[in-house]
Amino acid sequence: MSLAKTDPQLLRYGVWTRLLHWLVAISFVLLVLSGLPFFHPFFWSLTGLFGGPTMTRILHPWIGLFLSLLFVLMAIRFFKESLFKRHDVQWLKQINDVLTNRDEKLPPVGKNNAGQKLVFWVMLLCIPLLLITGVLMWQPLVGEEVPITLRRLASVSHAYLAFLAIITLIIHIYSGIWVKGSFQAMVRGRVSKAWARHHHDLWYEEEMEKERKHREISRRHASRRGESP
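Residues numbered from 1 in each chain as written. Predicted model: local features only at pLDDT ≥ 70, side-chain atom pairs only at ≥ 80, totals over all residues. Heavy atoms only, no water.

A. Region of interest: the UniProt feature "transmembrane region" (unreviewed entry) in the chain. Those places that UniProt annotates as "transmembrane region" (unreviewed entry) correspond, in this numbering, to residues 20–39, 59–79, 118–138 and 158–179. Along residues 20–39 one finds 80% helix and 0% strand; the C-alpha atoms at either end are 28 Å apart. Between the end C-alpha atoms of residues 118–138 the distance is 30 Å, and the span holds 95% helix and 0% strand. (UniProt positions renumbered as here; feature names shortened; annotations may be inferred. Helix = DSSP H or I, 4+ residues; strand = E, 2+ residues; numbered from the N terminus.)

See the structure below:
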């Protein structure tokens, strides 16, 4: 029997967190697929996924608005966990050890490693700016009232920001597949204690401390009930 089946499980992501994550992920993929046709003719056939060029142009900004609203909730949820600490800086300095799987040389890691935190901050930069630049180009609701020079600058900025966000997403997906168990954690919500101890030892210790405190409180309550007449 595998360790994953015998080792006790820890809750890593609750239902609401997982639902929010996948809604943001799906929205972002739809946004990319609907935006690429207007970036280069090579991707023009993608408009067929949305009912043609006109419908794609209509849907793209609305998908972006929907994504932005969801991302606000996601940013609030992950903000505290994404703050950089001293061990995260050291983790980044040892990126060669990360890439060569020399985990034993790496500093302790909290619930999210420095790579996951970088993804959060890059997306926190890109998505609001993508929304702003996208609104400036939004025809006919806003774009017609915006000076042509500003619209052109918004268009160029939008393209570069989208490129950065797409590359970041690709790296995020690859990392989730590369580190065995990460993708499963966002699907099922739970990970084995062995996995947590190996990949996120600081978070593992925090969770163990919570369990110890919970057991101590339970014992005290049980003891008090036993002393009652």
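B. Quick peek at the nonpolar core. Counting residues in each nonpolar core, the largest one holds 33 residues, and the members touching the most others are Leu10, Met123, Val191 and Ala196. Breaking this core down by element, the ones donating at least two residues are α2 (15–35), α3 (53–78), α6 (114–137), α7 (148–178), α8 (182–188), α9 (193–199) and α10 (201–227). It is α3 that contributes the most residues to this core, seven residues altogether. Ignoring sequence-local partners within four residues, the contact set of Met123 consists of Phe28, Phe71, Pro128, Ala165 and Thr168. Judged by nonpolar contacts, the second largest core, of five residues, contains Trp91, Val98, Val109 and Ala114. (Core = buried A, V, L, I, M, F, W, Y, C linked by side-chain atoms within 4.5 Å. Buried < 20%, exposed > 50% of the residue type's maximum accessible area, 1.4 Å probe, protein only. Contact = heavy atoms within 4.5 Å.)

C. Molecular detail of the packing of aromatic side chains. Under the counting rule described, the total for this entry stands at six aromatic pairs. Seen in terms of ring centroids, Phe38 and Trp44 are 5.8 Å apart; in terms of plane orientation they differ by 90 degrees. Their pairing is edge-to-face. On the basis of an interplanar angle of 85 degrees and a centroid distance of 5.2 Å, the ring pair of Phe42 and Phe43 is categorised as edge-to-face. Overall, Phe42 belongs to the exposed group, its relative accessible area being 64%. Owing to a relative accessible area of 26%, Phe43 belongs among the partly exposed residues under this scheme. (Phe/Tyr/Trp six-rings, centres within 6.5 Å; stacked < 30°, edge-to-face > 60°.)

D. Here's a closer look at the packing of α2 against α7. The geometry of α2 relative to α7 is characterised by a closest axis approach of 12 Å and an angle of 130 degrees between their N-to-C directions. With respect to their mutual orientation, α2 and α7 come out oblique. With respect to the hand of their crossing, α2 and α7 are arranged in left-handed fashion. Residues His21, Phe28 and Val32 of α2 lie in contact with α7, whose contacting residues are Ala165, Ile166, Leu169 and His172. (Axes fitted to C-alpha atoms, helices over the stretch in contact; angles between N-to-C directions. Parallel < 35°, antiparallel > 145°, perpendicular 65-115°, else oblique. Left-handed = near helix turned anticlockwise from the far one by under 90°.)

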